[in-house]
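Chain residues, written in single-letter form:
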Amino acid sequence: MNIALLGYGTVGSGTYELIMKNKEMIKDKYNIDINIKSILVRNKQKYENLEHYNLFTTDSNVIFDNDIDVVISLIGGLNPSYDYVKKALKNKKHVITANKDLIAEYFIELNNLAYENNVSLNYEASVGGGIPILRPLNSMLVGNNVDSIYSIINGTTNFILSQMYENNLSYDEALKIAQDLGFAESNPSSDVEGLDASRKLAILTMLTFNKYISWKDIKTTGITNIDALDIKYAKKLDKKIKLFAISKKSENGIYLGVRPVYIEKSNQLSKIDNEYNGIHIKSALTGDILIYGKGAGKFPTASSVFSDLISIINKSPINKINLGETTILENYPDSVNWFIRFNSNNFSKTTEKIFKVFNSYKFDLNTIEFNKEITVKIYNVKEEFIKKSLKKFEDESYKYYLIIKGDSDVEN
Ligand code: HSE
């Protein structure tokens, strides 16, 4: 089995090492000789000290050579990945990629192209790094009628928030470490603005609910506005802050959102820190399933790429993916609790307004807070009403957060 490897960055080099390490195992177990024939890179010189320098090339035609069976594309961004993958599938080569931008953007086209050419398109590493999640969702949980997915699926932002919370690091200090450790995308704005999580959530949702989701339609808020006070409030409330990606079936469609949330410490997902990802799936048949592991990094991600290779070696069936349509809901559909921060120059006026506007809700108000802030915790309200109420605060600036309850479902 001949492989063309595209890209030799963090995941590309990890994948190369992992395949070389397991060559003998594959020969023994499957009686197949795995042969990495070429490695496509932009600049060959960078690798001239490597023992396998002879494999490196800048000529993209090697991908489509007749003797290539599997193309492993580990380059980021849409271009030229899209052209390479499309052409590889048309040339009847199995494709493995970790590129969630590509898969989220061209989900239907690329899956159909693979099916029409009777080759497989594999992207286990595109969501959850080293966590086996797409294949279990796609095969083992089929027919389970999943109700919701609550997840932490961006390692970089989880790392930053954990470090800000646990070690009092600044946002910039934590981001720099995440980048140095190889978790962040080459352009970290897609991590911190939540776009990376949106793309992953779109992929997860399409495979789980069999509905087409354009990642651009997902209401997305990243962590760039999280400040030291948010962390301070979270500690005071005995909660944590996490960037959640939520997909939840509702009567009128699917609620999809990527947003920072305050989370009760008794919720299992609150314990998932640093580069770890966690995915909580709820279905009527299984109840709760929580799967967690390293969501980013060289070998965790390479391990998922490798699992795709084993799936090809195992000749896993190539299924057609048929997606229906759905309505994407922007507001969290259930009545839940919220934490709101008001910044005001006129405490008495804002306090008066809070009492008036939230009159019909149960809430706790705290005015002895830091700076010019008044905080309010509101109980058991739908987001659409919170938004309507907040429109009345045109003189104040505010931020509001969904509070995710603990495992006992009882809010503290
Ligand atoms: N930048 C991504 C993350 C890498 O931090 O989760 C893994 O997809």
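Residues numbered from 1 in each chain as written. Predicted model: local features only at pLDDT ≥ 70, side-chain atom pairs only at ≥ 80, totals over all residues. Heavy atoms only, no water.

K.L.:
Explain the sheet that holds strand β4 (residues 70-73) to me, please; I cannot follow it from the model alone.
P.N.:
Strand order in the open sheet made by the 6 strands is β3-β2-β1-β4-β5-β6, with parallel pairing throughout. Both outer strands of the open sheet, β3 (56-57) and β6 (121-122), are each paired with one neighbouring strand and no more. Inspection of the sheet shows strand β2 (residues 35-40) paired to β3 by 2 bridges, in the parallel sense. The partner of Leu 40 across the bridge, within β3, is Thr 57. (Pairing = 2+ DSSP bridges. Helix = DSSP H or I, 4+ residues; strand = E, 2+ residues; numbered from the N terminus.)

K.L.:
Teacher, can you tell me more about the pattern of salt bridges here?
P.N.:
Counted under the stated rule, the structure contains 26 salt bridges. When the shortest N-O distance is used, the salt bridge between Asp 273 and Lys 242 registers 2.7 Å. With Asp 273 in the loop between β10 (253-264) and β11 (276-283) and Lys 242 in strand β9 (residues 239-250), the pair connects residues that are 31 residues apart, well separated along the chain. The closest approach of N and O atoms between Lys 349 and Asp 395, which form a salt bridge, is 3.0 Å. You can see Lys 349 sitting in helix α12 (residues 347-357) and its partner Asp 395 sitting in the loop between α13 (383-390) and β17 (397-404), a full 46 residues away along the chain. If you follow the salt bridges from partner to partner, you end up with Asp 227, Asp 230, Arg 341, Glu 373 and Lys 399 in one network. (Salt bridge = Lys/Arg side-chain N within 4 Å of Asp/Glu carboxyl O.)

K.L.:
How should the packing of aromatic side chains be read in this particular structure?
P.N.:
The geometry of two aromatic rings is summed up by the distance between their centres and the angle between their planes. All told, the structure shown has 20 aromatic pairs when counted by the stated rule. Between the aromatic rings of Tyr 8 and Phe 56, the centroid separation amounts to 4.9 Å while the plane-to-plane angle is 80°, which identifies the pairing as edge-to-face. You can see Tyr 8 sitting in the loop between β1 (2-6) and α1 (10-30) and its partner Phe 56 sitting in strand β3, a full 48 residues away along the chain. As far as the burial class goes, Tyr 8 and Phe 56 line up, both buried. (Phe/Tyr/Trp six-rings, centres within 6.5 Å; stacked < 30°, edge-to-face > 60°. Buried < 20%, exposed > 50% of the residue type's maximum accessible area, 1.4 Å probe, protein only.)

K.L.:
In this structure, what is going on with empty space enclosed by the protein? I would like to understand it.
P.N.:
Over the atoms, a rolled probe matching the size of one water molecule traces out where space is still vacant. Evaluation of the coordinates by the stated rule reveals 1 cavity of 30 Å³ or more. Taken as a whole, the largest cavity holds about 50 Å³ of empty space. In terms of lining residues, the largest cavity is bounded by Leu 161, Ser 162, Tyr 165, Glu 166, Lys 240, Ile 241, Lys 242 and Asp 273. Looking at the lining of the largest cavity, the elements with two or more residues in it are α6 (155-166) and β9. By residue class, the composition of the lining of the largest cavity is 3 nonpolar, 1 polar and 4 charged. (1 Å grid on protein atoms, 1.4 Å probe; cavity = no way out; pocket = protein on both sides within 12 Å on 5 of 7 lines; lining within 4 Å. Points joined across faces, edges and corners; volume = space filled by probe spheres on them. Nonpolar A, V, L, I, M, F, W, Y, C, P; charged D, E, K, R; others polar.)

K.L.:
Where do I start with the packing of α6 against helix α7 (residues 171-180) in this structure?
P.N.:
The axes of two packed helices give the description: the angle between them and the distance between them. Close contact between α6 and α7 brings their axes to 9 Å; oriented N to C, the two are set at 135°. With respect to each other, α6 and α7 are oriented oblique. For the pair α6 and α7, the sense of crossing is right-handed. Residue-level contacts link Thr 156, Phe 159, Ile 160, Gln 163 and Met 164 of α6 to Tyr 171, Ala 174, Leu 175, Ile 177 and Ala 178 of α7. A per-class count over the contact of α6 with α7 returns 8 nonpolar, 2 polar and no charged. (Axes fitted to C-alpha atoms, helices over the stretch in contact; angles between N-to-C directions. Parallel < 35°, antiparallel > 145°, perpendicular 65-115°, else oblique. Left-handed = near helix turned anticlockwise from the far one by under 90°. Contact = heavy atoms within 4.5 Å.)

K.L.:
How do you make sense of the packing of α1 against helix α11 (residues 298-313) when you look at a structure like this?
P.N.:
Two numbers describe how α1 lies on α11: the axes approach to 8 Å, and their chain directions differ by 40°. Comparing their axes, α11 and α1 come out oblique. For the pair α1 and α11, the sense of crossing is right-handed. Side by side, α1 and α11 meet where Thr 10, Val 11, Ser 13, Gly 14, Thr 15, Glu 17, Leu 18, Ile 19, Asn 22, Met 25, Ile 26 and Tyr 30 of the first sit next to Lys 298, Phe 299, Thr 301, Ala 302, Ser 303, Val 305, Phe 306, Leu 309, Ile 310 and Ile 313 of the second. Taken together, the residues of the contact of α1 with α11 sort by class into 13 nonpolar, 7 polar and 2 charged.

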